[in-house]
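Architecture at a glance
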Amino acid sequence: MSALIPRPTTEIAPGAVHVPQWLTLQQQRELVTACRGWATGPVPIRHTALPRGGVMSVQTVCVGWHWQPYRYTRTAGDVNGRQVAPFPEWLVELGRRALTAAYADASAAAAYTPDTALINFYDGQARMGMHQDKDERSPAPVVSLSIGDTCVFRVGNTETRTKPYTDVELASGDLFVFGGPSRYVFHGVPKVYEGTADPACGLASGRLNITMRVTGLTG
Ligand code: MD3
Ligand code: FE
């Protein structure tokens, strides 16, 4: 995505704020390096198994808490039984800066303490169907960071997985925050545009998405 044509910060729906090109290339490379480390273990990145058979086309690795359909645990019973990597303090601080950028609300940002991150990797064929994220017991916002190839991100409504929805292109470095009335919207990724990333982001191909959340769990 070219910086020649700036894309403005947009509130797509109440509480759903898109901040294009929020991460610098340097920050993107550092995040890619961190994600490569988590992808190798203690719980390796995998195509998540679905309860009715089959696997997701997206590959996922978790930090802080392990997500499997449809719950969070400390250990990855569906992968190798190991405890997931701890959620680092620097990622909490990045989450707070993201909230500040999206909402300009210093007290909301200071109170935000994400404790899990889901890291999704998309090759050119991977997709994510329309779904709601409701396995968290906290209604705190979700922070999403995109790196690599541009995708179509579909933001729907809270009632149905169908129309009305708004399609937004998410490019490398983009931030999206979902809070307030948009926290429980249906959303998905119907398309990844292969080969659209600047290799200087640290990823030669594919798309990486990091979502930070507050599970509301303890222990
Ligand atoms: C809106 N990930 O991991 S990021 C997911 O690009 C997920 O990998 C997509 O949906 C991806 O659950 C979309 C944007 C996003 C993430 C979580 C949300 C939007 C959200 C939770 C609630 C509402
Ligand atoms: Fe989601």
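Residues numbered from 1 in each chain as written. Chains lettered and ligands numbered in written order. Predicted model: local features only at pLDDT ≥ 70, side-chain atom pairs only at ≥ 80, totals over all residues. Heavy atoms only, no water.

What about the coordination of the iron ion (ligand 2)?
Bound to the iron ion (ligand 2) are the protein donor atoms H131 (NE2), D133 (OD) and H187 (NE2), situated 2.0 to 2.3 Å from the metal. When the donors of the iron ion (ligand 2) are listed by position in the chain, the intervening gaps give H-x1-D-x53-H. Separated by 54 residues along the polypeptide, D133 in the loop between β8 (128-131) and β9 (142-148) and H187 in strand β13 (residues 187-192) bring together distant segments of the chain. A relative accessible area of 11% places D133 in the buried class. Judged by its relative accessible area of 14%, H187 falls in the buried class. (Donors = N, O, S within 2.8 Å, 3.2 Å for Na, K, Ca; no water. Helix = DSSP H or I, 4+ residues; strand = E, 2+ residues; numbered from the N terminus. Buried < 20%, exposed > 50% of the residue type's maximum accessible area, 1.4 Å probe, protein only.)

Description of the packing of aromatic side chains
One pass over the structure, following the stated rule, counts five aromatic pairs. When the centroid spacing of 6.0 Å and the interplanar angle of 10 degrees are considered together, the rings of W38 and W90 count as stacked. With W38 in helix α1 (residues 25-40) and W90 in helix α2 (residues 89-103), the pair connects residues that are 52 residues apart, well separated along the chain. The class for W38 is buried, based on a relative accessible area of 13%. With centroids separated by 5.7 Å and ring planes inclined at 80 degrees, the aromatic side chains of F153 and F178 adopt a geometry described as edge-to-face. Pair noted here: F153 is in strand β10 (residues 151-155) and F178 is in strand β12 (residues 175-178), with a separation of 25 residues, a long-range link. With respect to class, F153 is no different from F178; both count as buried. Cluster of aromatic residues (ring-pair linked, three or more members): F153, F176 and F178. Above the face of the W65 ring, R74 is positioned so that its terminal group lies 3.8 Å from the ring centre. (Phe/Tyr/Trp six-rings, centres within 6.5 Å; stacked < 30°, edge-to-face > 60°. Lys NZ or Arg CZ within 6 Å of the ring centre and 35° of its normal.)

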